Amino acid sequence: MPTWLRTHRPFARVPERAWRAIAGNSPPTAPIGLRAQPSRMDDLTAHAALELALRIGESMLSVGAPAADVTATVLRVAAAYGLTSCQVDITFTSITVSYDREDAVPLTAVRIVRTSRTDYTRLQGISDLARTVAAGGLDVEEAHRRLDRVVSAPATYRRAVNALGWAGVAGCFGLVLGGGWLEALLAALTTALIEQVLRALGRHSLPPFFQQVAGAALATGVAVLLLAWDVDVRTSLVVAAGIVVLLAGLSLVSAAQDAISGFPVTAAARAFEVVTLTAGIVVGIAGVLDLAQRAGLPLTVVDTSSSPVPFAVALAASAGIAGFWSLACHSRPRSVVLAAGAGALAWTTFWATADVGAGPALASGVAAVVLGFSGEVLTDRLRVPTQVIAVCGIVPLLPGLAIYHGLFAIVVDADIEGGLTALVGAAAVGLALAAGVTLGEYLGRPVSGARDRYDERVRRRAMTTE
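All values reported here derive from a predicted model rather than from experimental measurement.

Q: Got a minute to help me understand the pattern of salt bridges in this structure?
A: A side chain with one charge can pair with a side chain of the opposite charge if their charged atoms come near. All told, the structure shown has 10 salt bridges when counted by the stated rule. The shortest N-O distance in the salt bridge between Arg-149 and Glu-142 comes to 3.8 Å. Residue Glu-142 is classed as partly exposed on the basis of its relative accessible area of 22%. Two residues, Arg-270 and Asp-258, come together in a salt bridge whose shortest N-O distance is 2.7 Å. Taken together, the residues span a long stretch of sequence, with Arg-270 in helix H12 (residues 264-294) and Asp-258 in helix H11 (residues 249-260) at a distance of 12 residues. Each member of the pair, Arg-270 as well as Asp-258, is classed as buried.

Pasting the structure below:
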């Protein structure tokens, strides 16, 4: 019996046998304040191994890997070289790794994530290197040299191909929203122009907020010109499809996924980025609309009465959205085909679930579960990043347009109630997509058998804070 209980007067006479019947006999469910392990390597080797793990983590964050996968990979790489007492902390713009040693001062290193551009080919190369390191037999210096080759490799495609990807995403979104081939073509051309303008602005280091303002103003300006020239198109769909590529719907899903996985600081930063970038879009649209109204050209950008889309058209367009999105994110041709199939699977699941009466959030969540499960089971066998199936596949279901509707209604139309309703609906869809992908990966883990104790350690973070 514990001393504190034996000396406490009300419990002084509690029989020893009764206490043993109710006392716990297992360790805590989560490790608390564990002691450091003895170090079995010299400082030079420990520094090199720690730097390799940190570089791999920084590179993965820079090319679009989720925080949970980055943390597990860093722990796995560090353990491969004997650094078994590491702590990893990730924020939106930095990564910290600390190696705690019993017989020496802890080693701690920090790297800043300076760029953030989704590149699935580079992510696959980094993941393959990390897998080779974890398997053993790769010297630290050789691993550093291989990582140098991966991160410094030329881009997968030329800039024209990348612009074609974004234009394809906008054109297919125009079809999904109920437009015809002319609206889809105009949306694609407008987005290609926006992409070139944003690339030029980025070379001059213009902050992303103002880039969003410029892109949204350009999309709305094209619609104003079409209206002024009496072109027989639904200009609202041209604008909506053109700026949906600018919307931060995917960041909303990533924020919710990080929050579910136990990374609330990163999730909060992503969510704030969503608000900031989307507000930039609304500012750009509102400015052009004000000029159009002063010129006597009233333009309704938000058109909620979209016409029904045939299932075959929506299916093909959804596959195109996912495929073009992966192409814009520098996926190899084989991965582009897989992403297109994932987009078609997501839309089919969404349509089937909605057809039985489910709402948008529930239908999106079910589709995300299917994609998360498929990504967990297939990507390790197919040697492609999980995001190619799980992330690219849910792009056709992103709530970016709903976010745009809500903020536009609040800022321009002064419709607070309608705007808040749209924003709540968008948040529900985003959370459902993130939760569905996470749940699908969890359900697929026993089937794939690819997860190890480091993944499980990271997943247990969901019960704690960052």
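Having seen it, we continue.
Q: Teacher, can you tell me more about the sheet that holds strand E3 (residues 107-112) here?
A: A sheet is described by the order of its strands in space; here 3 strands give the open sequence E1-E2-E3, paired in antiparallel fashion. Here the strands that pair on one side only, and so sit at the sheet edges, are strand E1 (86-90) and E3. If you compare each strand with its neighbour and ignore which way they point, the axes differ by 10° on average. Across 6 bridges, the pairing between strand E2 (residues 94-99) and E3 is antiparallel. The partner of Ser-94 across the bridge, within E3, is Ile-112. Helix H4 (residues 67-80) contacts E1 and E2 of the sheet and is inclined by roughly 155° relative to E1.

Q: Looking at this structure, how should I read helix H5 (residues 120-135)?
A: The α-helix advances 3.6 residues per turn, and as a result positions three or four apart in sequence lie on the same side. In a regular helix each residue adds 1.5 Å, so 16 residues correspond to 22 Å; H5 covers 22 Å between its end C-alpha atoms and thus fits that length. Listing the buried residues of H5 in full gives Tyr-120, Thr-121, Arg-122, Leu-123, Gln-124, Ile-126, Leu-129, Ala-130 and Val-133. Elements that come into contact with the buried residues of H5 comprise helix H3 (43-62), H4, helix H6 (140-151) and helix H16 (386-394). For H5, the side-chain oxygen to backbone nitrogen distance between the N-cap and Thr-121 is 3.3 Å, and the N-cap itself is Asp-119. Immediately beyond the C-terminal end of H5, within one or two residues, lies Gly-136, with a positive phi of roughly 90°.

Q: How should I be thinking about the packing of helix H14 (residues 333-355) against helix H15 (residues 360-382) in this particular structure?
A: Axis angle and axis distance: for two packed helices, these are the angle between their axes and the distance between the axes, and together they describe the pair. Contact geometry of H14 with H15 gives a least axis separation of 8 Å together with a crossing angle of 150°. Between H14 and H15, the angle falls in the class roughly antiparallel. Once H14 is placed against H15, the crossing between them reads as right-handed. Across from Arg-334, Leu-338, Ala-342, Leu-345, Ala-346, Thr-349, Phe-350, Thr-353 and Ala-354 in H14, the residues of H15 making contact are Pro-360, Ala-363, Ser-364, Val-366, Ala-367, Val-370, Leu-371, Ser-374 and Leu-382. Within the contact of H14 with H15, the residues separate by chemical class into 13 nonpolar, 4 polar and 1 charged.

Q: Please explain the side chain of Asp-119 as it appears in this structure.
A: Tracing the backbone shows Asp-119 in the loop between E3 and H5. Residues contacting Asp-119, with those up to four places away along its chain left out, are Val-63, Thr-156, Cys-329 and His-330.

Q: Teacher, can you tell me more about the nonpolar core here?
A: Nonpolar side chains tend toward joint burial in soluble globular proteins. By size, the foremost hydrophobic cluster in this structure holds 95 residues, and its most contacted members are Tyr-81 and Ile-95. Looking at this core, the element that brings in the most residues is H3, giving 10 residues. Composition of this core by domain shows at least three residues from each of domain 1 (43-154) and domain 2 (247-461). Other than its neighbours up to four places away in sequence, Ile-95 contacts Leu-54, Gly-57, Glu-58, Leu-61, Val-70, Val-74, Val-88, Asp-89, Ile-90, Ala-109, Val-110 and Arg-111. The next biggest cluster of nonpolar side chains, apart from the first, holds 5 residues, and it includes Val-222, Leu-226, Val-233 and Val-238.

What counts, and at which threshold
Residues numbered from 1 in each chain as written. Predicted model: local features only at pLDDT ≥ 70, side-chain atom pairs only at ≥ 80, totals over all residues. Heavy atoms only, no water. Salt bridge = Lys/Arg side-chain N within 4 Å of Asp/Glu carboxyl O. Buried < 20%, exposed > 50% of the residue type's maximum accessible area, 1.4 Å probe, protein only. Helix = DSSP H or I, 4+ residues; strand = E, 2+ residues; numbered from the N terminus. Pairing = 2+ DSSP bridges. Axes fitted to C-alpha atoms, helices over the stretch in contact; angles between N-to-C directions. Contact = heavy atoms within 4.5 Å. Expected span 1.5 Å × (residues − 1). Polar contact = N/O pair within 3.5 Å; in protein donor to acceptor, adjacent residues only side chain to side chain. Parallel < 35°, antiparallel > 145°, perpendicular 65-115°, else oblique. Left-handed = near helix turned anticlockwise from the far one by under 90°. Nonpolar A, V, L, I, M, F, W, Y, C, P; charged D, E, K, R; others polar. Core = buried A, V, L, I, M, F, W, Y, C linked by side-chain atoms within 4.5 Å. Domains from an automatic or database assignment.

Note that all results are geometric; they support no functional claim without further evidence.
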